[in-house]
Amino acid sequence: MRIGVLGTGNMADALATHWVRAGHEVFVGGRDEQKARRLATRIGGGAGHGSLRQAADFGGVVLAALPYGAGAAVVDGLRAALTGKVLLDCANPVGPGFRLLTGGGPSAAGRLAAAAPGAQVVKAFNLCHEDVWRMTPPVFDGRPLVVPVCGDDGAALALVYELVRDVGCEPVAGGGLERAGLLEATAALFIGLWVGEQADVRAIAPPLAYATGPQAERA
């Protein structure tokens, strides 16, 4: 798979490193092409580097590893290059006080879809800190991390599911792109609990057998 990466930050580093190791072709694009070059060198595997537009042109799948405040504007400038591509959004629109910055408006993923209407936008990889994605693989208590994925196009989802598995995780269908805002709100809640309350969010939900009450397990 040919993967373009928009951005040179920690999420770009963590995810693209897995994908190069899995045998995919990766091209890193950034506003600062020297940062893109340094990241491509660190990733290895013959990863290319250059401008944001070059990365958008390169990839059949394009990772938008961009801050929420900048993502839509960058994508809008690349809309022609992104037409027909899968645009993978991992942004978290979370601000001070663990506040969801989108408020009652469109989700971060929805804003990217509006900025590049010819792309198939998929939301994934937004629930964990970048250092979790650096793990090889992210396995806890003997179970691979499960990654919710939201999107509307079956072929695009299949490609993203493959990339989730290449990180060592298991994908789970999160619904259509209209549910991406729920994933983003979940991230705001989880980050607030993890960081603000030092709480283990795994403890707030019962096991699947008890999801509808204890009678489900007996049945």
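Above: the structure in question.
These figures come from a predicted structure and were not determined experimentally.

What counts and what doesn't
Residues numbered from 1 in each chain as written. Predicted model: local features only at pLDDT ≥ 70, side-chain atom pairs only at ≥ 80, totals over all residues. Heavy atoms only, no water. Axes fitted to C-alpha atoms, helices over the stretch in contact; angles between N-to-C directions. Helix = DSSP H or I, 4+ residues; strand = E, 2+ residues; numbered from the N terminus. Parallel < 35°, antiparallel > 145°, perpendicular 65-115°, else oblique. Left-handed = near helix turned anticlockwise from the far one by under 90°. Contact = heavy atoms within 4.5 Å. Nonpolar A, V, L, I, M, F, W, Y, C, P; charged D, E, K, R; others polar. Patch = residues over 30% accessible without salt bridge, like charges linked within 9 Å, V, L, I, M, F, W, Y side chains within 5 Å. Areas by Shrake-Rupley, 256 points an atom, 1.4 Å probe, with all protein chains shown as cover. Salt bridge = Lys/Arg side-chain N within 4 Å of Asp/Glu carboxyl O. Buried < 20%, exposed > 50% of the residue type's maximum accessible area, 1.4 Å probe, protein only. 1 Å grid on protein atoms, 1.4 Å probe; cavity = no way out; pocket = protein on both sides within 12 Å on 5 of 7 lines; lining within 4 Å. Points joined across faces, edges and corners; volume = space filled by probe spheres on them.

K.L.:
Is there a simple way to explain the packing of helix α4 (residues 68-77) against helix α6 (residues 108-115) in this structure?
P.N.:
Each packed pair of helices is defined by two parameters, the angle between the axes and the distance between the axes. Between α4 and α6, whose axes approach to 8 Å, the crossing angle comes to 15°. With respect to their mutual orientation, α4 and α6 come out roughly parallel. For the element pair α4 and α6, the recorded crossing hand is right-handed. Seen from α4, the contacting residues are Tyr68, Gly71, Ala72, Val75 and Asp76; seen from α6, they are Ala108, Arg111, Leu112 and Ala115. Each residue belonging to the contact of α4 with α6 can be placed in one class, and the counts come to 6 nonpolar, 1 polar and 2 charged.

K.L.:
Looking at this structure, how should I read a nonpolar patch on the surface?
P.N.:
Taken together, the side chains of Phe98, Trp194 and Val195 define a hydrophobic patch exposed on the protein surface, amounting to about 260 Å² of accessible area. The class for Val195 is exposed, based on a relative accessible area of 52%.

K.L.:
How should the layout of surface pockets be read in this particular structure?
P.N.:
Gaps between atoms show up when a probe of the same size as a water molecule is rolled over them. Of the volumes computed, that of the largest pocket is approximately 1300 Å³. Surrounding the largest pocket, 34 residues form its lining, Leu145, Val146, Phe190, Val201 and Arg202 being those nearest its centre. Elements that contribute at least two residues to the lining of the largest pocket include exactly α7 (130-133), β10 (143-144), β11 (146-151), β12 (170-173) and α9 (180-197). The leading source of residues in the lining of the largest pocket is α9, at 5 residues. Tallied by class, the residues present in the lining of the largest pocket amount to 25 nonpolar, 4 polar and 5 charged. The computed volume of the second largest pocket comes to approximately 450 Å³. If you trace the second largest pocket, you find 21 residues lining it, with Met11, Cys90, Asn92, Cys128 and Glu130 closest to the centre. When residues of the lining of the second largest pocket are traced back to their parent elements, those giving at least two are α1 (10-21) and α9.

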